[in-house]
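# Structural description and commentary
Residue-level listing of the chains:
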Amino acid sequence: GENVEQHPSTLSVQEGDSAVIKCTYSDSASNYFPWYKQELGKGPQLIIDIRSNVGEKKDQRIAVTLNKTAKHFSLHITETQPEDSAVYFCAPKSGGSYIPTFGRGTSLIVHP
Amino acid sequence: DTEVTQTPKHLVMGMTNKKSLKCEQHMGHRAMYWYKQKAKKPPELMFVYSYEKLSINESVPSRFSPECPNSSLLNLHLHALQPEDSALYLCASSQDQGLDYGYTFGSGTRLTVV
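Only a predicted model underlies this, so the values are computations on that prediction, with no experimental measurement involved.

### Details of the overall build of chain B
For chain B, the helix and strand inventory stands at 0 helices and 11 strands. Moving toward the C terminus, one meets the helices and strands of chain B in the order β-β-β-β-β-β-β-β-β-β-β. What you see for chain B is a C-alpha radius of gyration of 13 Å, in line with the 13 Å of a compact globule of 114 residues. Along the three orthogonal principal directions, the C-alpha set of chain B runs to about 40 × 25 × 20 Å. Taken across its 114 residues, chain B has 48% of its residues classed as buried. If you take every contact in chain B between residues at least 6 apart in sequence, the share linking residues at least 24 apart comes to 55%.

Written as structure tokens, this is what we have:
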């Protein structure tokens, strides 16, 4: 099965700083790369995704970059705000499996 | 409607009780999922329904019994649970199990087994 590693496990930044979370996967057949945000007491929410034919995708303050050769993709958050504080999960989906594999999560803390 | 609705939000049950968790979506999604999430851990897949048929059972104990009455509803029947089954139970849906689209999750049911 897919082996997924997500780093760092905890990230503490000051409001206005940038944050980067990296996800490494093992299956070269993986072709769908989403990021989920889970706030306290809520279910995960899809915030951005990228497919294997695209290298970068942006949506306002968040972006995802994909390096298929190195088998990793990253979440970039610029101008962080306290409401960005949450746990973020990557969940790459292999072409051979219909089910995504979740990373262990990154707890992002944005200090006002 | 772009939501997955789960009820109840909280549930406390004894080890001899029988209870059910309910999940509903009206987005026309044809795949629905049950996940279990322990504190500070990622969601763990339990069951997948595709076009109202059970397609994946991740070796879940028989004290958990899923049911998909129609394309909008998903239930999880609970019986003779153990304290270690206490967790957040998440329901999710997606357009189709085989397509590359993200999941829409509900807010979950916080289950405590006493």
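### Some details on unusual backbone geometry
Here the bond from A:His7 into A:Pro8 is cis, since omega is -5 degrees, no more than 30 degrees from zero. Its place among the elements puts A:Pro8 in the loop between strand S1 (4–7) and strand S2 (10–14). Note the cis peptide between B:Thr7 and B:Pro8, where omega equals -10 degrees. Relative to the helices and strands, B:Pro8 is located in the loop between strand S1 (4–7) and strand S2 (10–13).

### Brief notes about the interface of chain A and chain B
The interface is formed by 18 residues belonging to chain A together with 21 residues belonging to chain B. It is A:Tyr98, A:Ile99 and A:Phe102 in chain A that bury the most area against chain B; as a group they hold 30% of the surface buried on that side. Counting the contacts that link chain A with chain B gives 1 salt bridge. In this structure, B:Asp100 and A:Lys93 form a salt bridge, with 3.8 Å as the shortest nitrogen-oxygen distance. If you look at where chain A meets chain B, you find 6 residue pairs in polar contact (both at pLDDT 80 or more). Elements represented by at least two residues in the side of chain A that touches chain B include exactly strand S4 (30–38) and strand S5 (45–51) of chain A. Looking at which element gives the most residues to the side of chain A that touches chain B, the answer is S4(A), with 4 residues.

### Details of the sheet that holds strand S6 (residues 56–59) of chain A
Residue and element names in this part refer to chain A. If you walk across this open sheet you meet the 5 strands as S1-S3-S8-S7-S6, and the pairing is antiparallel. Every interior strand has two partners, whereas the edge strands, S1 and S6, have only one. Across the sheet, the mean angle from the axis of one strand to that of its neighbour is 15 degrees, orientation sign disregarded. Pairing analysis gives 4 bridges linking S1 to strand S3 (residues 19–25), with the strands arranged antiparallel. When the bridges of S3 are listed, glutamine 6 appears paired with cysteine 23.

Conventions and cut-offs
- Residues numbered from 1 in each chain as written.
- Chains lettered and ligands numbered in written order.
- Predicted model: local features only at pLDDT ≥ 70, side-chain atom pairs only at ≥ 80, totals over all residues.
- Heavy atoms only, no water.
- Helix = DSSP H or I, 4+ residues; strand = E, 2+ residues; numbered from the N terminus.
- Rg over C-alpha atoms; globule rule 2.2 N^0.38 Å.
- Buried < 20%, exposed > 50% of the residue type's maximum accessible area, 1.4 Å probe, protein only.
- Contact = heavy atoms within 4.5 Å.
- Buried area = accessible area lost by both parts, 1.4 Å probe.
- Salt bridge = Lys/Arg side-chain N within 4 Å of Asp/Glu carboxyl O.
- Polar contact = N/O pair within 3.5 Å; in protein donor to acceptor, adjacent residues only side chain to side chain.
- Pairing = 2+ DSSP bridges.
- Axes fitted to C-alpha atoms, helices over the stretch in contact; angles between N-to-C directions.

Nothing here speaks to function; it is geometry throughout.
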